[in-house]
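Geometric and topological summary
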Amino acid sequence: MVASKAAPVTSIVVSRMRAVDKNITYLVDMLLPPRHGKQQWQWYIRIWKSSGVDRINQSSVTEFLLLGLSERPEQQPLLFGIFMGMYLVTVMGNLLIILAIGFDSHLHTPMYFFLANLSFADACFSSTTVPKMLVNIQTHSHTIPYEGCLAQMHFFMMFGALDDFLLGVMAYDRYVAICRPLHYSKLMSPLVCVVLLAACWVLTNLAALLHTLLMARLSFCAGNSIHHFFCDVVPLLQLSCSDTSMNQVALFTVGSMILTGPLSLIILSYAYIMSTILGVSSAPGRQKAFSTCGSHLTIVFLFYGTAIGVYLFPPSSHSGVKERIAAVFYTVVTPMLNPFIYSLRNNDMKTALSKIFGIHTFSSQGI
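Quantities reported herein were computed from a predicted structural model and do not represent experimental measurements. (Residues numbered from 1 in each chain as written. Predicted model: local features only at pLDDT ≥ 70, side-chain atom pairs only at ≥ 80, totals over all residues. Heavy atoms only, no water.)

**A word on the packing of aromatic side chains**
Under the defined criterion, the tally for this structure stands at 13 aromatic pairs. Ring centres 6.2 Å apart and planes at 45 degrees place the aromatic pair F156 and Y330 in the tilted group. With F156 in helix 6 (residues 146-179) and Y330 in helix 12 (residues 320-344), the pair connects residues that are 174 residues apart, well separated along the chain. Classification of Y330 by relative accessible area gives buried; the value is 2%. Three or more aromatic residues joined by ring pairs form one cluster here, namely F125, F156, F229, F230 and Y330. (Phe/Tyr/Trp six-rings, centres within 6.5 Å; stacked < 30°, edge-to-face > 60°. Helix = DSSP H or I, 4+ residues; strand = E, 2+ residues; numbered from the N terminus. Buried < 20%, exposed > 50% of the residue type's maximum accessible area, 1.4 Å probe, protein only.)

So, in structure tokens, the structure goes:
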């Protein structure tokens, strides 16, 4: 059935690419002299043909099968209930953080500005994977279209990297607030905050787009069953029958920069913060500084502890079960815990949230 649907599409694409081949060859013959330059360009054309038309002839996968966390039917209702509850808590908790920061003017500071964006990224991060898994469990259909799989992979990597960058920016904000308080208003002005946020969005989009384009050039003729609950880079590379060396190099290089870059900034910032805190003579001052940094460090350990092991090691070294468990932690558990960690350990957030619930309680009594 899949092959019959893919055959007309494949034949059309192949015919169009062959027409493009003829046009490129004609332009080379017309524009280049009959010397070494023409031979070199014709060699490039042969390489392009072999990596284009031949690859399309080999690949006939139009959809993938997401096998999920477990293939046992008796475990599906339990998984559905657990992940539905975790997803609702994640979305509602992060939405409350955003509303509390938006409605309380006392929280209109750089730290809470980036915290609101982190909550938005966390909600979107979980929304790229969990709803599709819940739909698959409920409908007993585990298929996802080829284009949908690439789109899911793109947004998953984008929001995951955005989480990473925002954690680094928040560490820098804490460094400026504690180590250079007299220059805080200048170094973390509204314009600087907007520029930092825009840079995070641009860099993460470019990184995700690079991996998506590299994945789109691969053939998938070795099967279409993904032993995961979403379309991740590593499981897709394991299904490809093309040369994935370029993808693996990009995954390690870009992944190293995305993960270790902000992590290095976090470590450096907190090294200066610790030295400054230890130099504070008053105990209340130390306690306040530790309380503002403790929540951030907890999220950093939860996020990086699992993400580094998945993306900075070669795919051959991954265990399917361990990889899926680690993915659950940094895609579902960590975004769910963020609102609790930041609200329970932060008196300002407690006050803002109590105001929100107080307003709703008052309005409901008035009605």
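Still to come is the rest of the account.
**Observations regarding the side chain of T244**
As for its position among the elements, T244 is in the loop between helix 9 (233-239) and helix 10 (245-278). Since its relative accessible area comes to 11%, T244 is described here as buried.

**Topic: unusual backbone geometry**
The phi dihedral of H140 is positive, around 60 degrees, even though this residue is not glycine. Turning to its location among the elements, H140 is positioned in the loop between helix 5 (130-139) and strand 2 (143-145).

**Description of the sheet that holds strand 1 (residues 63-66)**
The three strands are arranged 2-1-3 in an open sheet whose pairing can be described as mixed. Two strands lie at the open edges of the sheet, namely strand 2 and strand 3 (225-226), each paired on one side alone. When strand 1 meets strand 3, the two strands line up parallel, connected through two bridges. Paired with L65 across the two strands is S225, which belongs to strand 3. Each of strand 1, strand 2 and strand 3 is contacted by helix 6, which is oriented at about 85 degrees to strand 2, the strand it contacts most. (Pairing = 2+ DSSP bridges. Contact = heavy atoms within 4.5 Å. Axes fitted to C-alpha atoms, helices over the stretch in contact; angles between N-to-C directions.)

**Examining the packing of helix 6 against helix 10**
Two numbers describe a pair of packed helices, the interaxial angle and the distance between the axes. Running from N to C, helix 6 and helix 10 point in directions that differ by 20 degrees, and their axes come no closer than 9 Å. Classified by the angle their axes make, helix 6 and helix 10 are roughly parallel. Considering the relative orientation of helix 6 and helix 10, their crossing is left-handed. Judged by residue contacts, A161, D164, F165, L167, G168, A171, Y172, R174, Y175, I178 and C179 of helix 6 engage I258, L259, P262, L265, I266, S269, Y270, Y272, I273, T276 and I277 from helix 10. The residue makeup of the contact of helix 6 with helix 10, split by class, is 17 nonpolar, three polar and two charged. (Parallel < 35°, antiparallel > 145°, perpendicular 65-115°, else oblique. Left-handed = near helix turned anticlockwise from the far one by under 90°. Nonpolar A, V, L, I, M, F, W, Y, C, P; charged D, E, K, R; others polar.)

**Notes on the environment of L166**
Relative to the helices and strands, L166 resides in helix 6. For L166, a relative accessible area of 0% puts it in the buried group. The spatial distance from the C-alpha of L166 to the C-alpha of L196 is 9.0 Å, given a sequence separation of 30 residues. Setting aside its immediate chain neighbours within four residues, L166 contacts F114, N117, L118, A121, L197 and C200.

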